[in-house]
Structures are given as structure tokens and as C-alpha cells.
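Structural description and commentary
What follows is the residue order along each chain.
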Amino acid sequence: MRARLKLKAGEAWQDHNMASCTNIGTPLDASNVRRAFRRITKRAGLGTAWSPRELRHSFVFIMSDQGVPIETIADLVGHAGTRAPASQRRSTGTSYGR
């Protein structure tokens, strides 16, 4: 895919050797990711009010419902300790979506 992007971008291509990049090879920033995520949710018929952060929250709630220890969840989401994940209420088996 990167080769196709590089070919299409032509002279504008900037090679930063990134696995995920913009259409001209530059690193993605938070705005790029949010914009792409909105396009995906819109195409999926979910609207554009979703954010990538909601995926993170859903992941934490699903793992918690499956009985995964809070320490493991904290490690998987990049927290140094359990304070932040533990402060999130544990899901009670309700639906994870909107």
C-alpha cells in the first residue's frame, strides 16, 4: 500500500519509513487519525460522532467483563498503575456501543 501511495504522491512524497502515514508519507497526527476514523464510522452507517478513544474504553470494559485482572488491563492500555483503569466503573454486562 505504501508503494501505491508513494507512486500517487510523486514528488510530494516524504519518506519517513512509517508503517502508517499520510498520503504523502508524513507521520500521522491526532487530527489525521480522528478524520480517518470519522470516515470509517460514517461509511459503516454509525455517523461521525465517534472517536478513537471510545475504542479504548470499549476494550477496557470488555476485558473487565471477561474477568481480566485490572493490572493486566492497565498494562495493555499503557498505564503504569491501576489507578486510572480502576477509577473507571466496571461494566455490568450492558451493551458496549452507543
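All of these numbers come straight from a predicted model, not from anything done at the bench.

**Topic: the overall build of the chain**
- Assigned secondary structure in the chain consists of 5 helices and 0 strands.
- For the chain, the succession of helices and strands along the chain, N to C, is α-α-α-α-α.
- Across the 98 residues of the chain, 23% fall into the buried class.
- In the chain, 19% of the contacts between residues at least 6 apart in sequence involve partners at least 24 apart.
- Approximately 7400 Å² of the chain is accessible, and the part contributed by carbon and sulfur atoms is 54%.

**Some remarks on a positive patch on the surface**
- A surface patch of like charges, here positive, comprises Arg 34, Arg 35, Arg 38, Arg 39 and Arg 43.
- For Arg 35, the location among the structural elements is in helix α2 (residues 30–43).

**Focus on the nonpolar core**
- In this structure, Val 60, Met 63, Val 68, Ile 70, Ile 73 and Val 77 together form the largest nonpolar core, which totals 6 residues.
- If you list the elements that add at least two residues to this core, you get α3 (52–65) and α4 (70–76).

**Details of unusual backbone geometry**
- The phi dihedral of Asn 17 falls on the positive side, at around 55°, and the residue is not glycine.
- The topology assignment puts Asn 17 in the loop between α1 (2–9) and α2.

**Some points on the side chain of Thr 26**
- Structurally, the position occupied by Thr 26 is in the loop between α1 and α2.
- Reaching out from Thr 26, the side chain makes a polar contact with the side chain of Thr 22 at a distance of 2.6 Å.
- For Thr 26, the residues in contact, after removing those within four places along its chain, are Gln 14, His 16 and Cys 21.

**Some remarks on α2**
- Its 14 residues give α2 an end-to-end C-alpha distance of 20 Å, which sits within 8% of 20 Å, the value for a rise of 1.5 Å per residue.
- Every buried residue belonging to α2 is among Asn 32, Phe 37 and Thr 41, and all of these are buried. The arc that holds the buried residues of α2, viewed along the axis, is 160°, so those residues lie on one side. Summarising the geometry of α2, the exposed residues directed more than 90 degrees from the buried face are Lys 42 and Arg 43.
- Those residues of α2 that are buried are in contact with α3.
- Between the side-chain oxygen at the start of α2 and the backbone nitrogen of Ser 31 there is a gap of 3.1 Å, and the oxygen is on Asp 29.
- Gly 45, located one to two residues past α2, shows a positive phi value of around 80°.

Conventions adopted
- Residues numbered from 1 in each chain as written.
- Predicted model: local features only at pLDDT ≥ 70, side-chain atom pairs only at ≥ 80, totals over all residues.
- Heavy atoms only, no water.
- Helix = DSSP H or I, 4+ residues; strand = E, 2+ residues; numbered from the N terminus.
- Buried < 20%, exposed > 50% of the residue type's maximum accessible area, 1.4 Å probe, protein only.
- Contact = heavy atoms within 4.5 Å.
- Areas by Shrake-Rupley, 256 points an atom, 1.4 Å probe, with all protein chains shown as cover.
- Patch = residues over 30% accessible without salt bridge, like charges linked within 9 Å, V, L, I, M, F, W, Y side chains within 5 Å.
- Salt bridge = Lys/Arg side-chain N within 4 Å of Asp/Glu carboxyl O.
- Lys, Arg positive; Asp, Glu negative; His and termini not counted.
- Charge placed at Lys NZ, Arg CZ, Asp CG, Glu CD.
- Core = buried A, V, L, I, M, F, W, Y, C linked by side-chain atoms within 4.5 Å.
- Polar contact = N/O pair within 3.5 Å; in protein donor to acceptor, adjacent residues only side chain to side chain.
- Expected span 1.5 Å × (residues − 1).
- Arc of directions from axis to C-beta.

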